[in-house]
Amino acid sequence: MLGTIEEEPAQLLTSQRVAQLNRGDKPFHVILSQQFSREGIEQLCRLSEMVRRINDDREGSQFLRGTLSHKRAMLYFIQPSTRTFLSFSAACQVLGIPYNEVRNPSTSSEVKGETEDDTVRVLSQYFDLIIMRHPVEGFAERMALMLNGMRRPLPIINGGSGKDQHPTQALLDIYTLYRCFSPRGAERGAATRGSERGAVPRASDRGIPPRFPENFFSGKTIAFVGDLKRGRTVRSLAYLLCRYPGVRMLFVAPPELMIGDDILEYVTRYGIEYEIRHDLRPVIGECNAVYMTRLQDEWDVAGESKSIDYGRYHITREMSGDFKPDLAILHPLPRRHEIDPSLDALPHAKYWEQVRNGMWMRASIIATIFGVDTAITDHYHSYYAH
Amino acid sequence: MLGTIEEEPAQLLTSQRVAQLNRGDKPFHVILSQQFSREGIEQLCRLSEMVRRINDDREGSQFLRGTLSHKRAMLYFIQPSTRTFLSFSAACQVLGIPYNEVRNPSTSSEVKGETEDDTVRVLSQYFDLIIMRHPVEGFAERMALMLNGMRRPLPIINGGSGKDQHPTQALLDIYTLYRCFSPRGAERGAATRGSERGAVPRASDRGIPPRFPENFFSGKTIAFVGDLKRGRTVRSLAYLLCRYPGVRMLFVAPPELMIGDDILEYVTRYGIEYEIRHDLRPVIGECNAVYMTRLQDEWDVAGESKSIDYGRYHITREMSGDFKPDLAILHPLPRRHEIDPSLDALPHAKYWEQVRNGMWMRASIIATIFGVDTAITDHYHSYYAH
Amino acid sequence: MLGTIEEEPAQLLTSQRVAQLNRGDKPFHVILSQQFSREGIEQLCRLSEMVRRINDDREGSQFLRGTLSHKRAMLYFIQPSTRTFLSFSAACQVLGIPYNEVRNPSTSSEVKGETEDDTVRVLSQYFDLIIMRHPVEGFAERMALMLNGMRRPLPIINGGSGKDQHPTQALLDIYTLYRCFSPRGAERGAATRGSERGAVPRASDRGIPPRFPENFFSGKTIAFVGDLKRGRTVRSLAYLLCRYPGVRMLFVAPPELMIGDDILEYVTRYGIEYEIRHDLRPVIGECNAVYMTRLQDEWDVAGESKSIDYGRYHITREMSGDFKPDLAILHPLPRRHEIDPSLDALPHAKYWEQVRNGMWMRASIIATIFGVDTAITDHYHSYYAH
């Protein structure tokens, strides 16, 4: 099947979509995970490490806050989300980019009968970037194409659209995996309990590697656990992981909530090994990472989630004897009962760090869109990497 | 009638009101359109052009963001308005003035039984400027007078009060008309499709004219179309246009929604020629500008708008054959069906640019209130006008 | 009773609580009034005077806005409060600390079934400080202890929790009393009507006294009036005033709303003289300060406030003949009918100034937590105190 990718209409369609969203080979809008090559992902991860490091002292953070202080961003969050909203707004603050927000459409002029297209056209007059979270699948992409046709086009970042994609979450997830699987990761984690400073690479680390090893994720087993059908973060992360030959995926979900066939086909097309499972307990010992998700019952049509035994998709204290030493537990949050809070104290628990990683990754994405990634890299190398 | 203006009690009343709102001949509070002389209007338009130009590069925008970074503004928006709110907040960001907002009175301490006068007194302790949008006619003016009596008076800008006035909208509207009718306007518009940079005057324009020609609007026909009875933007703009002898106004509205007699008297008093019409189609060919408005049925008492044939107050693709070459279509937005979206692509469509103009104009108003207009003008002349 | 304080279990408990919230003898979290020694209170009052003075010109305010521009704050306001929210956010703006807010829990991820502990854990990843207002008694303190156990602990400021405490309000109240009772206070007040500049100490004042006299509040009668049972600001201020031997307190309230026995015991333990009264009229002539409060009927269980004659706890124009010359009227606001608005014009009315004092005091508290109080003091002495 691999040899025929280019002829697949669906694949052609994706590459056409990517071409409309990129400028050259660089994302202008950030809408789909498929816009990111492995090299693009690794550049963003390296940049995130630098942003984190530079922000760690007063002078560095003031440098960062000057990089985009001449731009302005709109956070158009029609689908409620405290977490993602705060992550993006914190990222904007890190880069000094003033932002504004539209969160509650009922206070907006939609009550006066305006179309949402017009609302976005108006926003495009005030701002230099729109970060958009919307319940309708494909809305962010459609708006990106609409703005491409305006006199003053400006980039859109998809902060989650419908049940479809959530590319910035996927990028922060893979950044977290990079940190967990890097040899210094474990060391750092152990050495620096109680101190944030230690959790970032130091001058004594002699900088961030210019390349990650080719086989970085090779041989790693990553389990996606829970409501994989309606969790768009899983979908977006699966797309990204297909850039890494040799990774192995476990999809652990109730049959009713199993991941979509489109993802399984995509994974197959890239030659990634995967397994379908319906219980976490028997496979936990094989995992290098588990990506836990909550039951997304807000998408239920007729309460169908109620009949599901979701307990098989919980990770518990009792399983911890089987954990591999380097097991990393991730969760896009919010959690319900999937992760026993008593696990929070274990070094395997990476979900709080994952939250903080999101702020650095989103700052890196925004910096890259505006082309100030080079200035940040230069600053990093002058100050920290000698 | 013209000779007796000074003796008119209503006129005296207005001049007394203006005297309480101005300091010297300069607005301290910005409440009424009638506070602005033609010279004042033109100064604001010129300043808007400079702010726009200075903001166009990184160094310039950082200069602007230092001009008011030592002040703080309150956006007190009790009447919902995404558009005006964002325009003012973007203007604050352009000038670097930190702001805060009160938008939803139900989350405020009014639930604890406080009067709104006390709320404004409290706000006056924290901020240096209050921008106010309120459903009650005259509220902003009453608060301005109340604050005049406090120990630490501070300016109020009226961002729309009741069905009465919306002076900053009128100022951005007239700024848009200035840009549309200036000889370079058309040129610029044609040359710069697809590039914002070109839409602003460049160093190669050799600066902004120190004076606009005396007869600037003379011979221009400007049609106000739609719900003129309840559209406060129309009222406020009509006041300003009375500063321009030789302009001709068409009021095109259903009889039930015709503009108030107070405006017609004011226009007459200033010797401005006007006509009352009930259908746009027959007069579209005479217009240099049309100012479209939506049906403001949120002010309906008993659904009286439903019986009106509002189609006569739409501008359509089919009319475009009759458009004068320089016809400018404006709309305070949001629009419903008054403007066919297919017109958006024509050079006549100025309503998106009008939105962006609002940001520059509001920044200029705020800068002028705080007396930093001179610093901006000086900066402009040192950098761009040699 | 005084000799046995150290053995009192309740007192031991408080000192243990304080030890968990302080680092060394300095507050890390700001949760309880009891964390503040007299020396700590006076340092904050002096710092507030300096912040106010430095902020008074453009260069000074820009210095202040650089002091914490590398940090970020979260205003987690689950209990609605415009006033306290704006006071804290203005304080953040004075120090240049970017902030974000969570105000409406229904738009948050709690709808997705997250615990509030997890919400606070997430916030702790994005921010350097959490300012928290919450309807549940003890919530802020519990969160402070939880965060002490995280890898990256960060300070919490209690902006009001349940019916219990509101320490920053108490600090701004006592700061207001300091200003009212200082000999220059009256002078300044009289001399500077109509000018804010005059209301702050000037270079010609030769700086702020390095120490306040030992007997500063000695012989002063301070009346707490109204709903003392449910007004947490009164409770918190009473704790602070116990640091001042020789002060005399009047608790003027209906029997049903009298202050709690725990406060009376605390006051007794510190040897403070107090009286219980049920009518303001007969005692108004004895007062150097009256601290008015509104009826907090939002805490009523079954409308029990309706049967109370609250008129006895109003201060009226008719009483003004009995006012001592230096009487200061305070109110934490919002007010209802407790203070006749005609009193606003009298020099005794300090409640608007009290609002503005809150901004300076909260800025001082935040500055102190982050250890930039020294930099501010140094700046003050270089520029103003020679």
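What counts, and where the lines are drawn
Residues numbered from 1 in each chain as written. Chains lettered and ligands numbered in written order. Predicted model: local features only at pLDDT ≥ 70, side-chain atom pairs only at ≥ 80, totals over all residues. Least-squares fit on C-alpha atoms with pLDDT ≥ 70 in both. Contact = placed C-beta atoms within 7 Å. Helix = DSSP H or I, 4+ residues; strand = E, 2+ residues; numbered from the N terminus. Nonpolar A, V, L, I, M, F, W, Y, C, P; charged D, E, K, R; others polar. Core = buried A, V, L, I, M, F, W, Y, C linked by C-beta atoms within 7 Å. Buried ≥ 20, exposed ≤ 12 C-beta atoms within 10 Å, placed from the backbone. Pairing = 2+ DSSP bridges. Axes fitted to C-alpha atoms, helices over the stretch in contact; angles between N-to-C directions. Domains from an automatic or database assignment. pLDDT = per-residue confidence, 0-100. Parallel < 35°, antiparallel > 145°, perpendicular 65-115°, else oblique.

Engineer: Before we go on, may I ask you to explain the relation of the copies chain A and chain C in this structure?
Structural biologist: Once turned by 120° and shifted 0.0 Å along the axis, chain A lies on chain C with an RMSD of 0.0 Å. These values place the two chain copies in the arrangement generated by a three-fold rotation axis. Looking at the rotation axis and the C-alpha trace of chain A, the residue lying nearest is A:P98, at 5.7 Å.

Engineer: Is there a simple way to think about the interface of chain B and chain C in this case?
Structural biologist: Interfaces are often described in size by the accessible area the parts lose on coming together. Taken together, the 19 residues of chain B in the interface contact 25 residues of chain C. Mapped onto the side of chain B that touches chain C, the elements with two or more residues apiece are strand 4 (99-102) and helix 5 (116-126) of chain B. Broken down by element, the residue count for the side of chain B that touches chain C peaks at five residues, all from helix 5 of chain B. Here the side of chain B that touches chain C is composed, by residue class, of four nonpolar, eight polar and seven charged.

Engineer: For this particular structure, what's the right way to read the nonpolar core?
Structural biologist: Within soluble globular proteins, side chains that are nonpolar generally end up buried alongside one another. Of all hydrophobic cores here, the largest spans 318 residues; its most connected members are A:Y291, B:Y291 and C:Y291. Setting aside anything within four residues of it in sequence, one finds C:Y291 in contact with C:I222, C:A223, C:F224, C:V225, C:V234, C:L237 and C:L330.

Engineer: What is the right way to look at the sheet that holds strand 9 (residues 273-277) of chain B in this model?
Structural biologist: Think of a sheet as strands paired side by side through backbone hydrogen bonds, with each pair either parallel or antiparallel. Residue and element names in this part refer to chain B. Taking strand neighbours across the sheet as the criterion, the five strands line up as 9-8-7-10-11 in an open arrangement whose pairing is parallel. Each edge of the open sheet carries a strand with a single partner, namely strand 9 and strand 11 (328-330). Across this sheet, the average inter-strand angle for adjacent strands is 15°, counted without regard to direction. Of the pairings in the sheet, the one linking strand 7 (residues 221-225) to strand 10 (residues 289-292) comprises four bridges and is parallel in character. Bridge pairing in strand 10 links V225 to M292.

Engineer: What am I meant to see in the domain arrangement of chain A here?
Structural biologist: Residues and elements named next belong to chain A. Under the domain assignment, chain A is made up of domain 1 (2-165 + 357-375) and domain 2 (167-351). Contact residues are listed per partner, giving 34 residues for domain 1 and 26 residues for domain 2. For the side of domain 1 that touches domain 2, the leading source of residues is helix 2 (residues 38-54), giving eleven residues.

Engineer: Looking at this structure, I do not really get the confidence of the model for chain A. What am I missing?
Structural biologist: In regions of low pLDDT, the predicted coordinates are not meant to be interpreted in detail. Residues and elements named next belong to chain A. Scored by pLDDT, chain A comes out at a mean of 88, with 87% of its residues at no less than 70. Below a pLDDT of 50 lies the segment residues 1-11, which in the model reaches seven contacts outside its immediate sequence neighbourhood of four places, other chains included. Low pLDDT (under 50) marks residues 185-206, which in the prediction has 23 contacts with non-local residues, meaning those over four places away or in another chain.

Engineer: What is the right way to look at the packing of helix 2 (residues 38-54) of chain B against helix 7 (residues 167-181) of chain B in this model?
Structural biologist: The axes of two packed helices give the description: the angle between them and the distance between them. Residues and elements named next belong to chain B. Look at helix 2 against helix 7: their axes get within 10 Å of each other, and the N-to-C directions meet at 70°. In terms of axis orientation, helix 2 runs roughly perpendicular to helix 7. On helix 7, the residues touching I41, L44, C45 and S48 of helix 2 are L171, I174, Y175 and Y178. Counted by class, the contact of helix 2 with helix 7 contains seven nonpolar, one polar and no charged residues.

Engineer: How do you make sense of the interface of chain A and chain C when you look at a structure like this?
Structural biologist: Across the contact, 25 residues belong to chain A and 19 residues belong to chain C. Sorting the residues of the side of chain A that touches chain C by element identifies helix 3 (58-67), helix 4 (82-94) and helix 11 (351-369) of chain A as the ones contributing at least two each. With seven residues, helix 4 of chain A is the single largest residue contributor to the side of chain A that touches chain C. Here the residues of the side of chain A that touches chain C sort into eight nonpolar, eight polar and nine charged.

Engineer: Mind showing me how you'd approach the pairing of strand 10 (residues 289-292) of chain A here?
Structural biologist: Remember that side chains alternate between the two faces of the sheet whenever the strand is regular. Residue and element names in this part refer to chain A. Side chains A289 and Y291 of strand 10 all project onto a buried face; the interleaved residues V290 and M292 project onto the opposite face, where all are buried too. Across three bridges, the pairing between strand 10 and strand 11 (residues 328-330) is parallel. Considered in strand 11, the bridge of V290 is made with I329.

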